[in-house]
Amino acid sequence: MLPEKKQILVVDDEANLRRVLSAQLGRDGYEVHTAEDGEEGLAFLKEHHIDLVITDLRMPKVDGMDLLRAALRDDPSRPVVLLTAHGTVDNAVEALKTGAFDYITKPFDQNEVRVVVKKALRTRDLASADATRDVSAAQPRGGSDRFGIIGESPPIQELYAILERVADTPTTVLISGESGTGKELVARALHENSSRRDRPFIKVNCAAIPKDLMESELFGYERGAFTGAVASKPGRFELASGGTLFLDEIGEIPTEMQVKLLRVLQESEFERVGGIKTIHVDVRLVAATNRDLKREIAAGTFREDLFYRLNVVPIALPALRERRSDIPHLCAHFVAKFNARLKKSIEGIEPEALERLSSHGWPGNIRELENVVERALLFADGSRIRLDDLPEEIRSGPSSSTGASLPLVAAIADPALAPSTPDGLKEQVKAAMSKLERDLIERALKQTHGNVTHAARLLKISRKGLQLKMKELNLRERDPE
């Protein structure tokens, strides 16, 4: 029995374009339907099953953005690709933020359409498979820590929600954040929680590769391509085929290489250095940067079109100072980790020491915290890490700006202060954290006269994160006094 053809709807007010796309996609084995404007497209969607929508952006009556929103309301997993002759940055950003799978500017290369359609339909298939997967098999791996990431703060809850939506798709992801915030950990979580988990995860630190070797490192080279090339060698894209390629410090890629990287993203193909054979790959690309790429674009050091190809799903990781409630959890994790590595038996962290750790600024973020806990555990003489075991800059630092003591959350990093059973510990920690968070939020709201934006700034979290936490704790927004 032949597999059922994928159903594609092409909506455009140019009759010739509809004919060209119908012929091309029909030759590729798809069942293609057409509509001459957005109004007709909406009516067709209501009456027929459609796997993919390709629509012009500018049309009379109902435009492409309205059609996009309607199509996603009806079926959020259905990919929509925008066609536009007005390929401005604003149009692209609005379409991607609204939920478009991708956009293609006119005039377009037919192979570009073919690649985008293939990726879009594969994404839909993976989403459908994920929806029907056995629930037990869909549980995150890595013990009780979701995606192997430690934390329960509102910014981390937002991160979990994004990972659950995009991990098992081929969609390109751009991770941004300060150094030490865990960008590689998130990249690995995307890979390990996808159907590519049994295929290669290839990491490339772009900042560590000399500029003149970048092309051969990414795309490989043929024998004799340059002095010393005594044998052919595959590049990182070939090695990652079927899996995930993680390009760390993507902002360090030379401008001349950015054009070639853009081509791979668009067409999934390239040639080795010194070669003429076109190599096709199936790679899920995840990139990361601690730079402000929009500022780099303005400075002319990063291509704007490459940025928007990379930034399909942006993930902005919070600094540790923006998720202080996670510090006790992280400390407990690192104590257990270094107990095993250093053959120590530290039971936990004294409340006074934990309070100083929680109030420190952490310019080096999680990496700095991990180093501090390792050093303190290594030199600790007693059964717990004390204030005197911490570095001078942390011991002499300011105490928590909220003035709240942390004896309750100390139980998270000090098993001796909690019940011996795992369930009892979990329940006590949950209750303690909820009470502390409620107290801190109410205090911040009172201090800012009910202004949620100012309260969020005082608590050093996002406004959206504060609203999510208030909803979780059943705290209602109050009118400013």
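See the structure printed just above.
Structural notes, computed from the coordinates.

Conventions adopted
- Residues numbered from 1 in each chain as written.
- Predicted model: local features only at pLDDT ≥ 70, side-chain atom pairs only at ≥ 80, totals over all residues.
- Heavy atoms only, no water.
- Phe/Tyr/Trp six-rings, centres within 6.5 Å; stacked < 30°, edge-to-face > 60°.
- Helix = DSSP H or I, 4+ residues; strand = E, 2+ residues; numbered from the N terminus.
- Buried < 20%, exposed > 50% of the residue type's maximum accessible area, 1.4 Å probe, protein only.
- Expected span 1.5 Å × (residues − 1).
- Arc of directions from axis to C-beta.
- Contact = heavy atoms within 4.5 Å.
- Pairing = 2+ DSSP bridges.
- Axes fitted to C-alpha atoms, helices over the stretch in contact; angles between N-to-C directions.
- Salt bridge = Lys/Arg side-chain N within 4 Å of Asp/Glu carboxyl O.
- Left-handed = near helix turned anticlockwise from the far one by under 90°.
- Nonpolar A, V, L, I, M, F, W, Y, C, P; charged D, E, K, R; others polar.
- Parallel < 35°, antiparallel > 145°, perpendicular 65-115°, else oblique.

### Let's talk about the packing of aromatic side chains
Under the definition given, this model contains eight aromatic pairs. Each ring, one from Phe219 and one from Phe237, has its centre 5.5 Å from the other, and the planes form 20°; the classification is stacked. Linking Phe219 in helix α8 (residues 214–219) with Phe237 in helix α9 (residues 236–239), this pair joins segments that are 18 residues apart in sequence. Of the residues examined, Phe219 reaches a relative accessible area of 2% and is grouped as buried. Members of the aromatic cluster, each reached through a chain of ring pairs, are Phe219, Phe237 and Phe270.

### Focus: helix α15 (residues 365–379)
One full turn of an α-helix is made of 3.6 residues, so residues set three or four places apart face in the same direction. Its 15 residues give α15 an end-to-end C-alpha distance of 22 Å, which sits within 8% of 21 Å, the value for a rise of 1.5 Å per residue. Taken together, the buried positions of α15 are occupied by Asn365, Ile366, Leu369, Glu370, Val372, Val373, Ala376 and Leu377. Taken end-on, α15 shows its buried residues confined to a sector of 165°, consistent with a single buried face. Lining the buried residues of α15 we find α13 (327–342), α14 (351–359), β16 (384–385) and α16 (392–395).

### Considering unusual backbone geometry
Non-glycine residue Glu249 carries a positive phi angle of around 55°. Using a relative accessible area of 16% as the deciding quantity, one classes Glu249 as buried. Phi at Trp362 is positive, roughly 50°, even though this residue is not glycine. Of note, Trp362 is situated in the loop between α14 and α15.

### Concerning the sheet that holds strand β10 (residues 244–248)
With respect to topology, five strands assemble into an open sheet ordered β7-β10-β13-β6-β14, the strand pairing being parallel. Two strands in the sheet have a free side with no partner beyond their single neighbour: β7 (201–205) and β14 (313–316). Averaged over all pairs of adjacent strands, the angle between strand axes in this sheet comes to 15°, irrespective of strand direction. Bridging between strand β6 (residues 173–176) and β14 involves four bridges; their strand directions are parallel.

### Side note on the environment of Arg341
Following the sequence through the fold, Arg341 ends up in helix α13. Here Arg341 falls in the exposed class, since its relative accessible area comes to 53%. Separated by 33 residues in the primary sequence, Arg341 and Glu374 have C-alpha atoms spaced 9.8 Å apart.

### With respect to the pattern of salt bridges
In the structure shown here, the tally under the stated rule is 23 salt bridges. Two residues, Glu215 and Lys260, come together in a salt bridge whose shortest N-O distance is 2.7 Å. Of this pair, Glu215 sits in helix α8 while Lys260 is found in helix α10 (residues 255–267), placing the two residues 45 residues apart along the sequence. The class of Glu215 is partly exposed, set by a relative accessible area of 24%. On the basis of relative accessible area, Lys260 is assigned to the partly exposed category, the value being 35%. Here Arg291 makes a salt bridge to Glu296, at a shortest N to O gap of 3.5 Å. Linked through salt bridges whose partners overlap, the residues forming this network are Arg263, Glu267, Glu269 and Glu271.

### Brief notes about the environment of Lys337
Of note, Lys337 is situated in helix α13. Overall, the relative accessible area of 30% leaves Lys337 in the partly exposed class. Note: C-alpha distance between Lys337 and Glu370 (33 residues apart in sequence) is 9.8 Å.

### Quick notes on the packing of helix α6 (residues 154–166) against helix α7 (residues 183–192)
Contact geometry of α6 with α7 gives a least axis separation of 9 Å together with a crossing angle of 35°. Relative to α7, α6 is oriented so that their crossing is right-handed. Contacts from Leu159, Leu163 and Val166 in α6 reach Val186, Ala189 and Leu190 in α7. Of the residues contributing to the contact of α6 with α7, the split by class is six nonpolar, no polar and no charged.

### Side note on the packing of α13 against α15
Remark: α13 packs on α15, axes separated minimally by 9 Å, with the N-to-C direction vectors making an angle of 50°. Classified by the angle their axes make, α13 and α15 are oblique. The interaxial crossing formed by α13 with α15 has right-handed handedness. Here Ile327, Leu330, Cys331, Phe334, Val335, Lys337, Phe338, Asn339 and Leu342 of α13 lie close against α15, whose contacting residues are Ile366, Leu369, Glu370, Val373, Glu374, Leu377 and Leu378. Each residue belonging to the contact of α13 with α15 can be placed in one class, and the counts come to 12 nonpolar, one polar and three charged.

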